[in-house]
Protein chains: 2
Amino acid sequence: MSVLVVGSVAFDTIATPSGRVENVLGGSATYFALAASYFTEVRMVAVVGDDFGPEHEEVFKKRKIDTRGIERQNGKTFRWGGRYLENLNEAKTDFTELNVFERFQPQIPPEYADTKFLFLGNIDPSLQAAVKLEMDGVRFTGGDTMNYWINDFRAELLETLKLMNVLLINDAEAKAIAHEPSLPRAARKILTMGPQALVTKHGEYGATIFFREGAFGIGSHPFRAPALPIEEVKDPTGAGDSFAGGFMGYIASQEQLSREVLKRALFYGGVMGSFAVERFGTERLQSLTRAEIDGRFQVFRELTHLE
Amino acid sequence: MSVLVVGSVAFDTIATPSGRVENVLGGSATYFALAASYFTEVRMVAVVGDDFGPEHEEVFKKRKIDTRGIERQNGKTFRWGGRYLENLNEAKTDFTELNVFERFQPQIPPEYADTKFLFLGNIDPSLQAAVKLEMDGVRFTGGDTMNYWINDFRAELLETLKLMNVLLINDAEAKAIAHEPSLPRAARKILTMGPQALVTKHGEYGATIFFREGAFGIGSHPFRAPALPIEEVKDPTGAGDSFAGGFMGYIASQEQLSREVLKRALFYGGVMGSFAVERFGTERLQSLTRAEIDGRFQVFRELTHLE
């Protein structure tokens, strides 16, 4: 089944201890789409400016990603510049130029009406809600958000959470949404706000999925996927969106929506995030094979597997 | 086989968001010994003052711990006071009274000469080295340290590391020893300094064991054990020493010293740490059963186990 992502396409200027790149293709929808494309058909809804050329379009075409939902407007594409210091866990933003993204109003092409799996990238929660409400055939919705929306658009975010089956965020965001410093308690609280499952990402320590009692299977035990200890992280940009792409892409490729599928999806999310950070921008995500992905999935399994 | 721990016995005054206790039995050797006692015979080398009474001795006797190496001196036992704020990851020390611990010179009773497994708790690295060098029958040595020794006694610590088979520390300590902000790179460096294996503890995210190429088995792949998401951490004091006790105690109970044993030991370390934090001080560690421990071991396995 195909998965639709709504989010940003951007040109990023990134500096890390390993080097620097200028105006490389990025954005949440881009990383998500490339990562998900190794598992299933992917559709995109985003907006770009007239600086988005055939060479950028080609990146998606090569991965057979459906770009009919990428709207072209006069002006420049969203641009972001940032740098990572030694610990690589946190980006310092140098500049944000929203450009055409400032007035982004997601337009769903009629050909996307049969979409069953939807991912609401990190955009204004009111827009996330509008997309979801327009697409009444969707069977499973994942979403992301960030501190800006959590702190300044809380009411809108709480409405949007009611429309998501799974929320994928990091630990600090989960604690901020729940106003709760303990992650397991924050998770329990968020699971009363709408989502039946919550994925919290711990950076270099992996991710945990928490289930609402009885959702997708029996019980309420959480499940953890490790992250690979990586000696050389070149560029952390897009790791979270690549995680979401691997997670949602794998789910959309499966017939059932069971806990076992969600657990494996958590591992595939970690796998795609680990590839993303090995090179600058989307470079590594453009040239993978499914065999490489499944090979690393096995490495992730063995990382915590007792005989 | 029995395991010998050298470290501190203390009386702790602890405040956490869950409450406060005064002068409860603690110290690195205490937590280690109680945790290890569920796996194998335990011997202790430590020093106490004349405020250490039969009721404290009884805590060890009940767990059949050999206390012949606990030296009694005139004066007061080591006392520590500290508090944990909301996040529970870091203790703020209120006071430290070394008392009889200030002139601790570990005395190994002759009956301990046949010890095969040794754990050097977090004390002066020169004392750690002296103990190890005195015990030439020891087959496997684990050790701990902390930032105070890493920063101010680096030369002594580097000598002592050469005598350890496995070092158990947290991520920040590993990075400080190696002068290296990337954990996997720090681990690789430490594995050239003496230990054949390095355990780094990630607090609520579990622990990783790194192996020197070819040590205890084939290859150099690390292995991760998760930590249980615990809603109510009552008191984090002693979690690391309890981890070490579970880890070393399990190893000492096994016939082989293989990677598979070390991996299982990493899980048992996490299990014992997770019990320790459920109650104040050593309360939970005093009253466990092996069935409870193995039950939680299964929960840890299932936490990351794919079908």
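In this text the structure is predicted, and so the values were computed from the model without any measurement. (Residues numbered from 1 in each chain as written. Chains lettered and ligands numbered in written order. Predicted model: local features only at pLDDT ≥ 70, side-chain atom pairs only at ≥ 80, totals over all residues. Heavy atoms only, no water.)

Draft legend 1. Quick peek at helix H1 (residues 28-36) of chain A. Among the 9 residues in H1(A), 9 count as buried, and that is most of the element. Buried residues of H1(A): A:Ser28, A:Ala29, A:Thr30, A:Tyr31, A:Phe32, A:Ala33, A:Leu34, A:Ala35 and A:Ala36, and no others. (Buried < 20%, exposed > 50% of the residue type's maximum accessible area, 1.4 Å probe, protein only. Helix = DSSP H or I, 4+ residues; strand = E, 2+ residues; numbered from the N terminus.)

Draft legend 2. Structural context of the relation of the copies chain A and chain B. Laying chain A over chain B is done by rotating through 180° and shifting 0.0 Å along the axis; what remains is an RMSD of 0.0 Å. The superposition operator between the copies reduces to a two-fold rotation axis. The share of interface residues of chain A whose copies in chain B are also at the interface is 100%, consistent with both copies meeting through the same surface. (Least-squares fit on C-alpha atoms with pLDDT ≥ 70 in both. Contact = heavy atoms within 4.5 Å.)

Draft legend 3. Expanded view of the nonpolar core. Membership of the largest hydrophobic core comes to 62 residues, with the highest contact counts inside it found for B:Met44, B:Val199, B:Ile209, B:Phe247, B:Leu266, B:Met272 and B:Ile293. Here this core gets 10 residues from one element, more than from any other, and that element is helix H9 (residues 259-276) of chain B. One finds A:Ala29, A:Val59, A:Leu262 and A:Phe300 within the second-largest nonpolar core, a separate group that totals 58 residues. (Core = buried A, V, L, I, M, F, W, Y, C linked by side-chain atoms within 4.5 Å.)

Draft legend 4. Just the sheet that holds strand E12 (residues 207-211) of chain A, in detail. Residues and elements named next belong to chain A. Read across the sheet, 9 strands follow the order E5-E4-E1-E8-E9-E10-E11-E12-E13 without closing on themselves; strand pairing throughout is mixed. Each edge of the open sheet is held by one strand with a lone partner, namely strand E5 (66-72) and strand E13 (223-225). Strand-to-strand, the axes of this sheet are offset by a mean angle of 15°, without reference to chain direction. (Pairing = 2+ DSSP bridges. Axes fitted to C-alpha atoms, helices over the stretch in contact; angles between N-to-C directions.)

Draft legend 5. View of the packing of aromatic side chains. All names here are of chain A. Within this structure, the stated rule accounts for 31 aromatic pairs over all chains. Residues Phe39 and Tyr250 carry aromatic rings whose centres are separated by 6.4 Å and whose planes lie at 85° to one another, so their mutual orientation is edge-to-face. Taken together, the positions of Phe39 in the loop between H1 and strand E4 (42-48) and Tyr250 in helix H8 (residues 239-252) put the pair 211 residues apart, joining distant regions of the chain. Here Phe39 falls in the buried class, since its relative accessible area comes to 9%. (Phe/Tyr/Trp six-rings, centres within 6.5 Å; stacked < 30°, edge-to-face > 60°.)

Draft legend 6. Focus on the pattern of salt bridges. Under the definition given, this model contains 38 salt bridges over all chains. Across the pair A:Asp51 and A:Arg79 runs a salt bridge, and its minimum N-O distance is 2.6 Å. Linking A:Asp51 in the loop between E4 and helix H2 (54-62) with A:Arg79 in strand E6 (residues 78-84), this pair joins segments that are 28 residues apart in sequence. The exposure class of A:Asp51 is partly exposed, given its relative accessible area of 22%. B:Lys162 serves as the salt-bridge partner of B:Glu159, at 3.0 Å between the closest nitrogen and oxygen. Classification of B:Lys162 as exposed rests on a relative accessible area of 54%. Via salt bridges that share partners, A:Glu278, A:Arg284, A:Glu292 and A:Arg296 belong to a single interconnected network. (Salt bridge = Lys/Arg side-chain N within 4 Å of Asp/Glu carboxyl O.)

Draft legend 7. Main features of empty space enclosed by the protein. This model, assessed by the stated rule, comprises 3 cavities of 30 Å³ or more. Roughly 110 Å³ of internal volume is contained in the largest cavity. As for the largest cavity, its lining consists of 15 residues, of which A:Tyr205, A:Ala225, A:Pro226, B:Tyr205 and B:Pro226 are closest to the centre. At the level of elements, E13 of chain A together with strand E13 (223-225) of chain B are the ones that each hand at least two residues to the lining of the largest cavity. (1 Å grid on protein atoms, 1.4 Å probe; cavity = no way out; pocket = protein on both sides within 12 Å on 5 of 7 lines; lining within 4 Å. Points joined across faces, edges and corners; volume = space filled by probe spheres on them.)

So far we have only geometry, and geometry alone does not tell us how the molecule works.
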